[in-house]
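A look at the structure
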Amino acid sequence: MVLNADIIIKTDRLILKPIDPLYIDDINRHFTAETTKYMPFTPNGNRNDITKFVEESKMLLSKNTDLVMVAVDPDKNFIGCCGIHNITSESVELGLWLKQSVQGIGLGTEIIMNLIEFLENNFTFEYIIYPVDQENIASKKIPEKLGFIPYKRYQKNKGTSSFLNIIEYRKYYSD
């Protein structure tokens, strides 16, 4: 499948669509230290960093390697970002973050389930990767509910003086 900016994924409660400059301010406002506590990012509130992220995401979409999306509710209110990354015939990686005010109500599972369905219907690969910090109990529940298994553990830098302890979950597909 060739990825493009017209892809829309509708879930029960949300609309997922490719990232767009329209959402730069929303992303910048909600990409906080608390939201990214378990992510390898330390936001500094610099709008230019988010602009570069959006531009890079659009470039990776054009290369057919990544699909970074915004999640919005039916009223087009920003909910968070999600992505399908490093798309190859061997594997794909899923990622997700939600703004603080909507965490804990099942939207993460809903988004990941729909991204998996999109992948299964449009790509061929051996497995899906879902990395999660071992301290992020709520996020660990998503791959565990969806049949992923822990594959390996490793550390990932979160800046110059801290790191994350990642559990890499995988979901395998056979012929």
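See above for the structure.
Described in the following lines is the structure provided in the data block.

About the thresholds
- Residues numbered from 1 in each chain as written.
- Predicted model: local features only at pLDDT ≥ 70, side-chain atom pairs only at ≥ 80, totals over all residues.
- Heavy atoms only, no water.
- Disulfide = S-S within 2.5 Å.
- Buried < 20%, exposed > 50% of the residue type's maximum accessible area, 1.4 Å probe, protein only.
- Pairing = 2+ DSSP bridges.
- Helix = DSSP H or I, 4+ residues; strand = E, 2+ residues; numbered from the N terminus.
- Contact = heavy atoms within 4.5 Å.
- Axes fitted to C-alpha atoms, helices over the stretch in contact; angles between N-to-C directions.

1. Structural notes on the state of the cysteines
Disulfides are covalent bonds that link the sulfur atoms of two cysteine residues. Per the stated rule, a full pass over the model turns up zero disulfides. Of the cysteine sulfurs around C81, a residue in no disulfide, the closest is that of C82, at 7.4 Å. Accessibility expressed as a relative area gives 4% for C81, which makes it buried. Judged by relative accessible area, C82 falls into the buried class, the value being 3%.

2. A look at the sheet that holds strand β6 (residues 127–133)
Here eight strands make up an open sheet; going across it, the order is β1-β2-β3-β4-β5-β6-β8-β7 and the pairing mixed. The two strands at the open ends of the sheet, each matched to only one other strand, are β1 (9–10) and β7 (149–157). Relative to strand β4 (residues 78–85), strand β3 (residues 67–72) runs antiparallel, the two sharing six bridges. Bridge assignment links M69 to a residue of β4, and that residue is C82. Along the sheet, helix α3 (residues 107–122) contacts β1, β2 (15–18), β3, β4, β5 (91–98), β6 and β8 (163–172); its crossing angle with β5, the most-contacted strand, is approximately 155 degrees.

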